[in-house]
There are 2 protein chains.
Amino acid sequence: MVEIGVLLAGCGVNDGSEIHEAVLTMLALDRLGVERLCLAPDIEQRDVVNHLSGEVISESRNVLVESARIARGEISDLAGISAADLDAVILPGGFGAAKNLSDFAVAGEQTEVHPEVLRFLLEMHKAEKPIGAICIAPAVLARALGAFAPLVTIGNDLPTAKLLESFGAQHQECPVDDIVVDQQNRLVTTPAYMLGPGLWEIAAGIDKLVSQIVSMVA
Amino acid sequence: MVEIGVLLAGCGVNDGSEIHEAVLTMLALDRLGVERLCLAPDIEQRDVVNHLSGEVISESRNVLVESARIARGEISDLAGISAADLDAVILPGGFGAAKNLSDFAVAGEQTEVHPEVLRFLLEMHKAEKPIGAICIAPAVLARALGAFAPLVTIGNDLPTAKLLESFGAQHQECPVDDIVVDQQNRLVTTPAYMLGPGLWEIAAGIDKLVSQIVSMVA
């Protein structure tokens, strides 16, 4: 039985996982009959954003607890998961990847990946298990795996792509309905809402990403 | 240009809108090239549930603000919307329908629909505009439109169906991949996570519901 992790980072595009990207990832896994294991680190969010006004509010929320909303409660603390537990993992996008899984949103070239996330991604890479990343989440891969010259896409945002290259990554432009595959490092990335415009368009790229990951596991 | 409302009730199955059902509804609308207008009432949630532990926590959150997470900020206060603004509306499920849009989760036979939601649903019904409801949300329609003997489904949960009948509704059993249509009242309902088991199964019923609603508008 193939089991693929979905690494979440909260619940909502501005301070957590992008909800549409996360659900479309889970839908694509379900369609292929693949078991999913939702995961998140048990840490406080960097911030909480009012998604109506766009303003940061003085509240604190936990990444694992909020991610459980997307997972309908079926979620595991990343700290208890090792590469041996999964056949592959996929990281949806949203600012949570750049605020909680890493500090890319604020640190730029000085980005650090959260130690638990870094430990897990390095384990998966060493075990040659496929890793997918959507939207801005490839920035986390670029930083964590920069020493291995990973090939990724975040669409066509060139200033952001330059930052990823400063980590050691190679960036390839890619349209919303397509994917970039790094066979050497076993990575698959797609731009999704880095380009948009809508659910139907991003679903095309996410479906391709999930199919590619599953074919690499098989 | 057809524009269909998606009436949200928060963000998360246990105290708001069921996220998967909401996103699948938006995906199906997108696929058919239909504009969506996300809506929610500007009210406090009945409660806030930690979706990891399942416990109610001492926090307050606003239905419109939390719904904005699913809508990526593109959402309108229900109070400013009348039937003239939309061609149809769809209510995803989740406990938010039974805790925020109504008090069905706690009041049973004495259920009241929130006045703003009741005003809007009666306007839509009077204007003969189609209304879709998913999962437990048909309970809101049953109460709001009970005087018109609406035909709905919530799957095969007979005690809950009996409650809906006490409001004046007629209940019809329905599998997860199908819909029940009330041509007279222009209502379409599907069980989704009242039956489950997974995203792919509930997507089949939600796709049919959205297609039926769009065909009734056309």
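Residues numbered from 1 in each chain as written. Chains lettered and ligands numbered in written order. Predicted model: local features only at pLDDT ≥ 70, side-chain atom pairs only at ≥ 80, totals over all residues. Heavy atoms only, no water.

**A word on the overall build of chain A**
Of regular secondary structure, chain A possesses eight helices and eleven strands. Taking 17 Å as the expected radius of gyration for a compact globule of 218 residues, we find that chain A reaches 15 Å, a close match to that expectation. With respect to the principal axes defined by its C-alpha atoms, chain A has extents near 45 × 40 × 35 Å. Each of the 218 residues in chain A was classed as buried or not, and the buried ones make up 61%. Put simply, chain A shows about 7,800 Å² of open surface, and 48% of that area lies on carbon and sulfur atoms. (Helix = DSSP H or I, 4+ residues; strand = E, 2+ residues; numbered from the N terminus. Rg over C-alpha atoms; globule rule 2.2 N^0.38 Å. Buried < 20%, exposed > 50% of the residue type's maximum accessible area, 1.4 Å probe, protein only. Areas by Shrake-Rupley, 256 points an atom, 1.4 Å probe, with all protein chains shown as cover.)

**Quick notes on the interface of chain A and chain B**
Each side of the interface is counted separately: chain A has 36 residues, and chain B has 36 residues. Both faces considered, chain A and chain B share a buried interface measuring about 3,200 Å² in area, 63% of it formed by carbon and sulfur atoms. Linking chain A to chain B there are six salt bridges. Scanning the region where chain A abuts chain B turns up 16 residue pairs in polar contact (both at pLDDT 80 or more). Looking at the side of chain A that touches chain B, the elements with two or more residues in it are helix H1 (19–31), strand E3 (48–49), helix H2 (63–70) and helix H8 (199–217) of chain A. Across the side of chain A that touches chain B, the residue classes break down as 19 nonpolar, six polar and eleven charged. (Contact = heavy atoms within 4.5 Å. Buried area = accessible area lost by both parts, 1.4 Å probe. Salt bridge = Lys/Arg side-chain N within 4 Å of Asp/Glu carboxyl O. Polar contact = N/O pair within 3.5 Å; in protein donor to acceptor, adjacent residues only side chain to side chain. Nonpolar A, V, L, I, M, F, W, Y, C, P; charged D, E, K, R; others polar.)

**Quick look at the sheet that holds strand E1 (residues 3–7) of chain A**
All names here are of chain A. One open sheet accounts for seven strands, arranged E5-E2-E1-E6-E7-E11-E10; its pairing is mixed. Each edge of the open sheet is held by one strand with a lone partner, namely strand E5 (75–77) and strand E10 (180–182). Averaged over neighbouring strand pairs, the angle between their axes works out to 25° when direction is ignored. Taken together, the three bridges between E10 and strand E11 (residues 187–190) define a ladder with antiparallel strand orientation. Looking across to E11, one finds that Val181 is bridged to Val188. Set on the sheet, H8 makes contact with E1, strand E6 (88–91), strand E7 (131–134), E10 and E11; between it and E11 the angle comes to about 175°. (Pairing = 2+ DSSP bridges. Axes fitted to C-alpha atoms, helices over the stretch in contact; angles between N-to-C directions.)

**A closer look at H2 of chain A**
All names here are of chain A. Summarising burial for H2: eight of the eight residues are buried, a large majority. The set of residues buried in H2 consists of Val63, Leu64, Val65, Glu66, Ser67, Ala68, Arg69 and Ile70. Its side-chain oxygen at 2.8 Å from the backbone nitrogen of Leu64, Asn62 defines the N-terminal cap of H2. Arg72 sits one or two residues past H2 and shows a positive phi near 50°.

**A look at the pattern of salt bridges**
Applying the stated criterion across every chain, the model contains 24 salt bridges over all chains. One network of salt bridges, with partners in common, ties together Asp15, Glu59 and Arg61 of chain A together with Glu66 and Arg69 of chain B.

**Here we look at the relation of the copies chain A and chain B**
Placing chain A over chain B gives an RMSD of 0.0 Å and needs a rotation angle of 180°, together with 0.0 Å of translation along the axis. Both copies of the chain, as the preceding transformation shows, are related through a two-fold rotation axis. Measuring from the rotation axis to each C-alpha of chain A, the shortest distance belongs to Val23 of chain A, at 3.6 Å. Most of the interface of chain A is mirrored in chain B, where 100% of its interface residues again form contacts. (Least-squares fit on C-alpha atoms with pLDDT ≥ 70 in both.)

**Quick notes on the nonpolar core**
In terms of nonpolar packing, the biggest core is built from 80 residues, with Ile19 of chain A together with Ile19 of chain B touching the most fellow members. Setting aside chain neighbours within four positions, we find Ile19 of chain A in contact with Cys11, Gly12 and Ile70 of chain A together with Cys11, Ile19, Val23, Arg69 and Ile70 of chain B. (Core = buried A, V, L, I, M, F, W, Y, C linked by side-chain atoms within 4.5 Å.)

**So, the pairing of strand E6 (residues 88–91) of chain B**
All names here are of chain B. Going residue by residue along E6, you find Ala88 and Ile90 tucked away on one face and Val89 and Leu91 tucked away on the opposite face as well. Judged from the three bridges that link them, strand E1 (residues 3–7) and E6 form a sheet pairing that is parallel. Residue pairing for E6: Val6 is matched across the bridge by Ile90. Of the strand pairs in this sheet, E6 and strand E7 (residues 131–134) are connected by three bridges, and their pairing is parallel. Counterpart to Ile90 in the pairing with E7 is Gly132.

**A closer look at the side chain of His171 of chain B**
All names here are of chain B. Relative to the helices and strands, His171 is located in strand E9 (residues 170–171). By relative accessible area, His171 is classed as buried at 16%. Beyond its immediate stretch of four places on either side in the chain, His171 contacts Val152, Thr153, Ile154, Gly155, Ala161 and Glu165.

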